[in-house]
Amino acid sequence: MTATKESQGREQPVRVYISIDMEGVTGIATMDQVVRGGHGYPRSQQLMTAEANAAIEGAFAAGADSVLVNDSHGTMDNLLHEELDPRARLIFGTPKLDCMAEGIAAEHDVAMFLGYHAAAGSPGVLAHTYSSHFYEVRLNGRPVSEAEVNALQAAAVGVPVGLLTGDDVICGVAEKAFPGVRTVAVKVAHGHTAADSLSPAEARRLIREAAAETVRGAGELAPLRLPETLELEIDMPSTPAAELGAQIPGVRRIADKTLAATFATPTEVLGCVTVCYHLAADAMISRMALYGRR
């Protein structure tokens, strides 16, 4: 039977949106594994693709009508296309205006965030917020994770977050932030680059089951409530990076390395984050080139 939800008095098939990162995938805990060129990176691509497939399989097994996957890690071209479940469509490549929430739309009934990690400054595995160069990202005065910002973008088009997978830290955050969300903690953080992980096979089984349950219960979920305004603050990695960021219209520099701006929509927040991400990376690359001189 096709999974359905009530919408304006009639039943409609469930359409699933998946945003998948890499740091929260089973068996991954080190920088060598998540950075292209690392010895462990090719294996991480396989682990990431397998967890995406587990969620896709679970969603379709529960009767989902369609699944759209957004590759949300780093250069956003990590998933192995030829190994991905052919029933799903894939968005990949960067930059994208909506970053990790690219492609989510009102036509989707539920969002799943896979392989997610905790916010910068928290004790989770490979914790950061959008850029490893940002010291912290805050919304309305509170430090936020990528999951929380992306959930606001989902809410802006009326889509609830029904499933999140990652380490125990981000799962704990999601359980408090997203009403009715299911979580799968595939590992327990033992430090920034250390974890106690489930086996990949067991993690995939749990993700497959949770994805199916999420689709079956999609009609009972509600999106987050959006604040009237979104006060964004980003702690940049260097003074030059903050100086460049302050040239973005509407962005002001409120401390030596801190940028701030007020936005009306999550799309505007994500657009600013994306630009600052590249400015921070360029500033750090330039600095490291100088450090490497002899």
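This is a predicted model, so every value here is computed, not measured.

Conventions used here
- Residues numbered from 1 in each chain as written.
- Predicted model: local features only at pLDDT ≥ 70, side-chain atom pairs only at ≥ 80, totals over all residues.
- Heavy atoms only, no water.
- Helix = DSSP H or I, 4+ residues; strand = E, 2+ residues; numbered from the N terminus.
- Rg over C-alpha atoms; globule rule 2.2 N^0.38 Å.
- Buried < 20%, exposed > 50% of the residue type's maximum accessible area, 1.4 Å probe, protein only.
- Contact = heavy atoms within 4.5 Å.
- Areas by Shrake-Rupley, 256 points an atom, 1.4 Å probe, with all protein chains shown as cover.
- Lys, Arg positive; Asp, Glu negative; His and termini not counted.
- Charge placed at Lys NZ, Arg CZ, Asp CG, Glu CD.
- Polar contact = N/O pair within 3.5 Å; in protein donor to acceptor, adjacent residues only side chain to side chain.
- Core = buried A, V, L, I, M, F, W, Y, C linked by side-chain atoms within 4.5 Å.
- Pairing = 2+ DSSP bridges.
- Axes fitted to C-alpha atoms, helices over the stretch in contact; angles between N-to-C directions.
- Left-handed = near helix turned anticlockwise from the far one by under 90°.
- Nonpolar A, V, L, I, M, F, W, Y, C, P; charged D, E, K, R; others polar.
- Phe/Tyr/Trp six-rings, centres within 6.5 Å; stacked < 30°, edge-to-face > 60°.
- Expected span 1.5 Å × (residues − 1).

A. Region of the structure containing the overall build of the protein. Of the regular secondary structure elements, the protein holds seven helices and 14 strands. Radius of gyration (C-alpha) of the protein: 19 Å, near the 19 Å computed for a compact globule of 294 residues. On the principal axes, the C-alpha backbone points of the protein span a range of 65 × 45 × 30 Å. Relative to its 294 residues, the protein shows a buried fraction of 53%. Counting only contacts in the protein whose residues sit at least 6 apart along the sequence, the fraction spanning at least 24 positions is 67%. As displayed, the protein offers around 12,800 Å² of accessible surface, 52% of which is attributable to carbon and sulfur atoms. Distance between charge centres in the protein, computed from 24 positive and 36 negative side chains, equals 2 Å.

B. Local environment of the side chain of T214. Tracing the chain through its elements places T214 in helix 5 (residues 200-216). With residues up to four places along the chain from it excluded, the contact list for T214 reads V110, M112, G162, L163 and R182.

C. Just the side chain of S238, in detail. Mapping S238 onto the fold places it in the loop between strand 12 (230-235) and helix 6 (239-245). Residue classification places S238 among the buried positions, given a relative accessible area of 2%. Separated by 3.3 Å, the side chain of S238 and the backbone nitrogen of A241 make a polar contact.

D. Region of interest: the nonpolar core. Ranked by size, the top nonpolar core spans 46 residues in total, and within it F134, L164, L232 and M236 carry the most contacts. With eight residues, the top contributor of residues to this core is helix 7 (residues 266-291). Look past the residues within four positions of F134 in its chain and what remains in contact with it is A120, T129, I234, D235, M236, V273, C276, Y277 and A280. Residues V14, A55, F60 and A203 belong to the second largest nonpolar core, which totals 45 residues.

E. Quick look at the sheet that holds strand 8 (residues 142-143). A sheet is described by the order of its strands in space; here five strands give the open sequence 8-7-12-14-13, paired in antiparallel fashion. Among the strands making up the open sheet, the edge pair consists of strand 8 and strand 13 (252-255). Bridge count between strand 7 (residues 136-139) and strand 12: four bridges; the pairing is antiparallel. Note on strand 12: the bridge partner recorded for V137 is I234.

F. Summary view of the packing of helix 2 (residues 41-61) against helix 5. For the pair helix 2 and helix 5, the least separation of the axes is 7 Å and the interaxial angle reads 35 degrees. Our pair here, helix 2 against helix 5, has a crossing hand that is right-handed. Contacts between helix 2 and helix 5 involve L47, A50, E51, A54, A55, E57, G58 and A59 from the first element and P200, A203, R204, I207, R208, A211, A212 and V215 from the second. Taken together, the residues of the contact of helix 2 with helix 5 break down into 11 nonpolar, one polar and four charged.

G. Spatial organisation of the packing of aromatic side chains. In this structure the tally under the stated criterion is one aromatic pair. Summarising the aromatic geometry, the rings of F113 and Y116 are spaced 4.9 Å apart at their centres and angled 10 degrees between planes, so their arrangement reads as stacked. Given a relative accessible area of 0%, Y116 falls into the buried group.

H. Representation of the environment of A210 in the model. Within the secondary structure, A210 sits in helix 5. Distance from A210 to G162, taken between C-alpha atoms, is 9.3 Å for residues 48 residues apart in sequence. Apart from the residues lying within four places of it in its own chain, the contact partners of A210 are L163, R182 and V184.

I. Quick look at helix 5. Helix length check: helix 5 (17 residues) gives 24 Å between terminal C-alpha atoms against 24 Å at 1.5 Å per residue, within 8%. Of all the residues in helix 5, the buried ones are A203, I207, A210, A211, A212, T214 and V215. Buried residues in helix 5 make contact with strand 3 (15-20), helix 2, strand 6 (110-116), strand 9 (161-167) and strand 10 (182-191).

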